[in-house]
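# Chains, contacts and geometry: an overview
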Amino acid sequence: MNTIPTSCADLFETLNDEQRLAVGHGLGDNSGDTRPLLIIAGAGSGKTNTLAYRVANLILHQADPQRMLLLTFSRRAAVEMERRVGGVLNRVMGQSASRSLPSLPWSGTFHGIAARLLRNYAARIGLDESFTIHDRGDSEDLLGMVRHDIGLSSTQNRFPQKGTSLSIYSRVVNSQQPLLQVLQQTFPWCAHWEAELKRVFGSYVEAKQQQNVLDFDDLLLFWSEMMSDPELAAEVGNRFDHVLVDEYQDTNRLQAAILL
């Protein structure tokens, strides 16, 4: 199975047999196998390193790095993934060619990639492209203001704090489950506030729309909605020849829907 160029085979010699199979999946003599590949392995077994070598091998097989989508779940993990990919590319490309290293412009977190795509397609999905993005602190503050305006910040039986309320809202969005189900399964001590939380969340969404603001959950939600439109889904999908996801076990239902 010639899935790693012979001239560079020694650069992959540190990989074990299973890692080499993953790095060479669908390439060389096995180029007809275009099925998605899921790697299941424990902590410290080299999954991210294997992904980095996979990217390098794809480029050695003439894949366009501008058309690769590399996704992970935190900025720190994204930086680490890019560092490892860069290190492998430096060794591989430095030995195989005297050209500058290719850039990987579509490497980052789910939220970071979502923000880029939403700005590109804002006019077509009903967004103002000048939208701002709230971090968690900003989102908590806005939800807290809404909670206060509705009169729920000084209830006799203490209403959930803004941080807890935002966590509930985020779980509903990312799990794509009804509010009551989320409350019963994850926040049972807040279940009797279901009706009030619905009011708060509805007003929170209205406030974001009025201020032209998206929170982190909106980034994934709007991206997912884009992918539910066949024309937009085909257009975005056609940007990429390869999609690689690190730490896939952390994927929630919304992220999985986007990938599919």
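To be clear, the structure that these remarks concern was listed above.
For the structure given in this document, a descriptive report is provided here.

A separate point is the sheet that holds strand 2 (residues 107-109). Ordered by their spatial adjacency, 3 strands build an open sheet running 2-1-5, and the pairing between neighbours is parallel. Whereas interior strands pair on both sides, the edge strands pair on one side only; in this sheet they are strand 2 and strand 5 (242-245). Each strand of the sheet is rotated relative to its neighbour by a mean of 20°, with strand direction disregarded. Of the strand pairs in this sheet, strand 1 (residues 68-72) and strand 2 are connected by 3 bridges, and their pairing is parallel. Note on strand 2: the bridge partner recorded for T72 is T109. In this fold helix 2 (residues 47-60) packs onto strand 1 and strand 5, with an angle of close to 165° to the strand it touches most, strand 5.

Going through the model one piece at a time under the given rule, you end up with 11 salt bridges. Residue D33 is joined to R35 by a salt bridge in which the shortest nitrogen-to-oxygen separation is 2.9 Å. Relative accessible area serves as the criterion here: at 17%, D33 is assigned to the buried category. Two residues, K208 and D215, come together in a salt bridge whose shortest N-O distance is 3.0 Å. One salt-bridge network, in which partners are shared between bridges, spans E80, R83 and R84.

For S203, the location among the structural elements is in helix 8 (residues 194-211). Distance in space between the C-alpha atoms of S203 and D149 is 9.6 Å, their sequence separation being 54 residues. In this structure S203 touches V146 and I150, once residues within four positions along its chain are discounted.

So, on to the packing of aromatic side chains. Evaluated as defined, the whole model comprises 8 aromatic pairs. Note on F187 and W189: the rings are 5.7 Å apart at their centroids and 65° apart in plane angle, and the pair reads as edge-to-face. Among the aromatic residues, those joined into a cluster by ring pairs are F73, F110 and W223. Taking NZ or CZ as reference, R116 lies 3.7 Å from the ring centre of W106, over its face. When the ring centre of F131 is taken as origin, the NZ or CZ atom of R119, which lies over that ring, is 4.0 Å away.

Where a strand is regular, its side chains alternate between the two sheet faces. Taking burial as the measure, the 5 residues of strand 1 include 5 buried ones, the bulk of the element. Of the two faces of strand 1, the one holding M68, L70 and T72 and the one holding L69 and L71 are both buried throughout. Strand direction decides the pairing type here: strand 1 and strand 5, joined by 4 bridges, are parallel. Bridge assignment links L70 to a residue of strand 5, and that residue is L244.

The next thing to look at is the nonpolar core. Here is a general trend for soluble globular proteins: nonpolar side chains tend to be buried in one another's company. Grouped together as the largest cluster of nonpolar side chains are 43 residues, with contacts concentrated most on I168, L197, F201 and W223. Looking at this core, the element that brings in the most residues is helix 4 (residues 110-121), giving 7 residues. Setting aside residues no more than four positions away along its own chain, F201 makes contact with L143, S165, I168, Y169 and L179. Among the nonpolar cores identified, the runner-up in size contains 22 residues, and L15, L51, I59 and L60 belong to it.

What follows deals with helix 2. The end-to-end C-alpha distance of helix 2 is 20 Å, a good match for the 20 Å that 14 residues give at a rise of 1.5 Å each. Within helix 2, burial applies to T48, T50, L51, A52, Y53, R54, V55, A56, N57, L58, I59 and L60.

Rules used throughout
Residues numbered from 1 in each chain as written. Predicted model: local features only at pLDDT ≥ 70, side-chain atom pairs only at ≥ 80, totals over all residues. Heavy atoms only, no water. Pairing = 2+ DSSP bridges. Helix = DSSP H or I, 4+ residues; strand = E, 2+ residues; numbered from the N terminus. Axes fitted to C-alpha atoms, helices over the stretch in contact; angles between N-to-C directions. Contact = heavy atoms within 4.5 Å. Salt bridge = Lys/Arg side-chain N within 4 Å of Asp/Glu carboxyl O. Buried < 20%, exposed > 50% of the residue type's maximum accessible area, 1.4 Å probe, protein only. Phe/Tyr/Trp six-rings, centres within 6.5 Å; stacked < 30°, edge-to-face > 60°. Lys NZ or Arg CZ within 6 Å of the ring centre and 35° of its normal. Core = buried A, V, L, I, M, F, W, Y, C linked by side-chain atoms within 4.5 Å. Expected span 1.5 Å × (residues − 1).

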